[in-house]
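Now for the letters of each chain:
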2 protein chains.
Amino acid sequence: MSEMTVSRVLRNRGDVSAATREKVLTAAKTLGYVPNKIAGGLASQRVNLVAVVIPSLSNLVFPDVLGGISAELDDTGLQPVIGVTNYSPAREEMVLYDMLSWRPSGVILAGLEHSKASCAMLGNAGIPVVEIMDIDGEGIDTLVGISHIRAGREMAARIIAAGYRRIGFVGTHMPEDHRARKRLVGFEECLAEAGLHLEAREYYQGGSSLLKGRELTQRILTRAPDLDFLYFSNDMIGAGGLLHCLDKGYDISGQIGLAGFNGVDLLDGLPVRLTTTDARRVEIGRRAARIVAGKDITPPDRIVALQPTFIAGETIREIKP
Amino acid sequence: MSEMTVSRVLRNRGDVSAATREKVLTAAKTLGYVPNKIAGGLASQRVNLVAVVIPSLSNLVFPDVLGGISAELDDTGLQPVIGVTNYSPAREEMVLYDMLSWRPSGVILAGLEHSKASCAMLGNAGIPVVEIMDIDGEGIDTLVGISHIRAGREMAARIIAAGYRRIGFVGTHMPEDHRARKRLVGFEECLAEAGLHLEAREYYQGGSSLLKGRELTQRILTRAPDLDFLYFSNDMIGAGGLLHCLDKGYDISGQIGLAGFNGVDLLDGLPVRLTTTDARRVEIGRRAARIVAGKDITPPDRIVALQPTFIAGETIREIKP
DNA sequence: ATGAAAGCGCTAACAT
DNA sequence: ATGTTAGCGCTTTCAT
């Protein structure tokens with residue numbers, strides 16, 4: 001029996017008689033044969049991999065996105081391969097270079113801001129490229145995400161409508177976290193339109209944790225004790241802030257309101273539910289994967305805009321009707 | 001100039017004059033050339049990938065392990081490729097099959113319990129295989145981890161020494177979470193040796209969250225109101241239990257003690273610090289990566305046993321001297 | 001339904 | 001320091 005027949009059986013391609021098929025399968029099993037995809041990929045010029053490039057795994061956001069991607073790729077024969085950039089454009093460039101050298105069937109990558117070389121590589125790759133999370137800017141091929149500017153604006157509008165006026169911000173100071181930056185831009189724009197401005201800011205570097213949220217909140221409230229609202233750049237920091245305020249006996253939502261961002265349900269059991277915005281993480285992963293897999297057609301404008309949705313929680317006053 | 005010279009430049013191999021080297025590099029850059037690793041791998045019979053197979057990304061444990069692996073592989077030219085099994089041996093088998101078909105340089109995978117076919121594949125692969133997290137059992141090649149039986153025993157011993165006697169357990173009921181199972185085995189063994197036994201158990205399925213921890217704690221304390229200690233199978237569930245007990249006004253550590261497992265620092269800012277065991281996640285990742293990369297020699301017994309370390313926290317009584 | 005031949009894009013090994 | 005040749009293990013294509 002030729003190797004050709006074996007190849008046909010193992011890929012369920014072409015006509016093979018049930019008898020030989022059976023023989024090949026059992027032989028492969030007993031020999032513990034694992035086909036060599038390197039040779040296969042070289043011969044067929046196709047590889048069932050999708051490169052997924054994200055900034056971090058410890059940020060609770062990305063496991064959710066990956067979950068959406070996996071779920072949607074599961075029945076397509078495509079496999080995600082994850083690369084992590086640590087929010088460094090230089091590292092992103094290296095990761096992309098490495099991944100593209102494997103000639104994947106598509107690329108999903110977080111964010112719109114990439115080095116010139118990265119953009120060139122992606123443009124020349126001749127494969128679907130889906131940039132996710134953010135839609136405020138120019139894309140290379142297709143975008144799937146939410147407008148963080150809008151998310152920031154909407155939260156500001158809710159806060160103002162609820163009557164808060166002395167507002168502070170606590171967030172990351174990573175120049176490379178463009179989405180956090182855009183949320184703040186939208187937030188401040190909306191404040192400005194209402195004749196308001198941020199009364200205080202507190203920035204931090206590195207990962208987010210409850211403890212950091214506590215410390216920063218303590219610090220900003222020491223510096224600016226008369227704040228009546230704090231907008232945090234994510235839920236983990238926000239939850240830390242919430243715990244601090246509970247500790248200190250603040251009247252949450254009355255004396256001081258709080259809001260985070262993301263809508264991570266890991267934190268649902270806190271003593272008070274944090275007001276936040278659902279960033280539609282799983283859905284973003286799903287839609288991106290569907291496009292790469294060719295399950296969805298790309299919209300004409302090449303943008304899939306999902307809507308960030310407000311989660312009221314209990315740390316903001318209700319708006320009187 | 002032959003393609004061979006180009007190949008040499010791009011891999012920094014063999015002697016190439018500085019002049020031609022320069023020429024090749026600029027040409028590659030302007031053309032946006034990305035070498036084809038599929039062809040390269042086939043020709044050289046070597047591929048700079050390390051397969052990393054883990055059960056889940058949403059479990060806070062694994063991003064930490066991956067962090068350790070990445071950090072240690074960073075300067076080796078090796079690249080981790082992550083596969084997720086969702087705690088399913090069948091899925092693990094598929095993931096392994098897929099990954100091995102790319103002929104990686106090594107495999108790091110969580111746990112010691114694998115399907116027969118998985119073991120056969122790994123045994124035949126002819127590459128370093130490091131099983132991580134757990135050392136209670138037989139390995140295929142090399143093990144790096146902690147003894148969960150011992151971790152369970154040690155926590156039980158501390159709890160008993162602190163004077164608690166009516167002890168309950170809250171944990172996952174996933175038959176495939178062998179490490180949680182082994183901790184419980186060790187825990188109960190130690191109780192039995194002291195003439196004690198678990199007074200109540202509460203199991204759950206699916207992922208862990210603060211909310212689930214609250215609900216389960218409420219339930220177990222309703223059924224068995226006179227418990228004086230709760231051992232949780234992880235910190236997230238334990239933190240939920242802690243929040244519930246705080247809510248209900250329990251005297252934490254006095255009236256009821258609590259302990260989790262893992263030592264995740266994300267939760268450090270809780271109102272009361274949870275007693276737990278540090279599972280040495282980052283170190284496990286590092287050591288496994290060092291072995292796969294050939295930085296460390298494998299110990300003669302093929303086991304790298306790390307010590308789970310007790311973190312006292314504030315939810316257990318201090319032992320009187 | 002099965003087989004034979006060519007070749008995918010590189011690199012190892014051996015010239016020069 | 002640079003070039004030549006063969007071949008990695010498959011799949012594509014074309015025969016039979």
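Each remark here, short or long, concerns the structure printed above.
Procedures and definitions
Residues numbered from 1 in each chain as written. Chains lettered and ligands numbered in written order. Predicted model: local features only at pLDDT ≥ 70, side-chain atom pairs only at ≥ 80, totals over all residues. Heavy atoms only, no water. Helix = DSSP H or I, 4+ residues; strand = E, 2+ residues; numbered from the N terminus. Phe/Tyr/Trp six-rings, centres within 6.5 Å; stacked < 30°, edge-to-face > 60°. Buried < 20%, exposed > 50% of the residue type's maximum accessible area, 1.4 Å probe, protein only. Core = buried A, V, L, I, M, F, W, Y, C linked by side-chain atoms within 4.5 Å. Contact = heavy atoms within 4.5 Å. Expected span 1.5 Å × (residues − 1). Arc of directions from axis to C-beta. Axes fitted to C-alpha atoms, helices over the stretch in contact; angles between N-to-C directions. Parallel < 35°, antiparallel > 145°, perpendicular 65-115°, else oblique. Nonpolar A, V, L, I, M, F, W, Y, C, P; charged D, E, K, R; others polar. Buried area = accessible area lost by both parts, 1.4 Å probe. Salt bridge = Lys/Arg side-chain N within 4 Å of Asp/Glu carboxyl O. Near = heavy atom within 4 Å. Polar contact = N/O pair within 3.5 Å; in protein donor to acceptor, adjacent residues only side chain to side chain.

A. Inspection of unusual backbone geometry at higher detail. Residue and element names in this part refer to chain B. One non-glycine residue with positive phi stands out, namely Gln-45, at about 60°. Looking at where Gln-45 falls in the secondary structure, it is placed in the loop between α3 (37–44) and β1 (49–54). Look at Tyr-87: it is not a glycine, yet its phi comes out positive at around 60°. By the element assignment, Tyr-87 lies in the loop between β2 (79–84) and α5 (89–100).

B. Broad picture of the packing of aromatic side chains. Residues and elements named next belong to chain B. Within this structure, the stated rule accounts for 9 aromatic pairs over all chains. Their ring planes at 70° and their centres at 4.8 Å tell us that Tyr-164 and Phe-229 sit as a pair that is edge-to-face. Residue Tyr-164 is located in the loop between α7 (148–161) and β6 (167–172), and its partner Phe-229 is located in strand β8 (residues 229–232); the two are separated by 65 residues in the primary sequence. Each member of the pair, Tyr-164 together with Phe-229, is buried. Centre to centre, the rings of Phe-169 and Tyr-231 are 6.2 Å apart; their planes meet at 55°, and the pair counts as tilted. Residue Phe-169 is found in strand β6, and its partner Tyr-231 is found in strand β8; the two are separated by 62 residues along the sequence. The same class applies to Phe-169 as to Tyr-231, namely buried.

C. Spotlight on the nonpolar core. Ile-108, Ile-132 and Phe-187 of chain A together with Ile-108, Ile-132 and Phe-187 of chain B are the most contacted members of the largest nonpolar core, which has 96 residues in total. Each residue touching Ile-132 of chain B, except ones within four places of it in the same chain, is listed here: Val-65, Ile-108, Leu-109, Ala-110, Gly-111, Val-144, Ile-284 and Ala-288 of chain B. If you look at the next biggest cluster of nonpolar residues, it comprises 54 residues, including Ala-200, Ile-252 and Val-272 of chain A together with Ile-237 of chain B.

D. View of helix α7 (residues 148–161) of chain A. Residue and element names in this part refer to chain A. If you check α7, its first and last C-alpha atoms are 20 Å apart, about what 14 residues at 1.5 Å a residue would give, namely 20 Å. Among the residues making up α7, those that are buried are His-148, Ala-151, Gly-152, Met-155, Ala-156, Ile-159 and Ile-160. Down the axis of α7, the buried side of the element spans an arc of 165°, and every buried residue falls inside it. Two residues or fewer past α7, Gly-163 is found with a positive phi of approximately 100°.

E. Geometry of the packing of helix α1 (residues 3–11) of chain A against helix α2 (residues 18–31) of chain A. Residue and element names in this part refer to chain A. Where α1 meets α2, the closest approach of the two axes is 10 Å, and the angle between their N-to-C directions is 85°. As judged from the angle between their axes, α1 and α2 are roughly perpendicular. Counting all contacts with α1, which are made through Val-6, Val-9 and Leu-10, the residues of α2 involved are Arg-21, Val-24 and Leu-25. For the contact of α1 with α2, the residue count by class is 5 nonpolar, no polar and 1 charged.

F. Looking closely at the interface of chain B and chain A. Counting residues at the interface gives 46 residues for chain B and 47 residues for chain A. Between chain B and chain A the total buried area reaches about 4,200 Å² when both faces are included, carbon and sulfur atoms providing 65% of it. Of all residues in chain B, the largest losses of buried area upon contact with chain A belong to Ile-38, Trp-102 and Leu-266 of chain B, amounting jointly to 17% of the total for that side. Scanning the region where chain B abuts chain A turns up 4 salt bridges.

G. Highlighting the protein's contact with DNA strand C. Taken together, 23 residues sit near DNA strand C, with Thr-5, Arg-8 and Asp-15 of chain A together with Ser-7 and Tyr-33 of chain B positioned nearest. In the interface set of DNA strand C, defined as its atoms within 4 Å of the protein, sugar plus phosphate atoms amount to 70%. Between DNA strand C and Leu-42 of chain A, the relevant distance is 3.4 Å, taken from a base oxygen to a main-chain nitrogen or oxygen of the residue. At 2.7 Å from a phosphate oxygen of DNA strand C is found a side-chain nitrogen or oxygen belonging to Tyr-33 of chain B. Of all the secondary structure elements, the ones that give two or more residues to the surface near DNA strand C are α1 and α3 (37–44) of chain A together with α1 (3–11) and α3 of chain B. By residue class, the composition of the surface near DNA strand C is 9 nonpolar, 9 polar and 5 charged.

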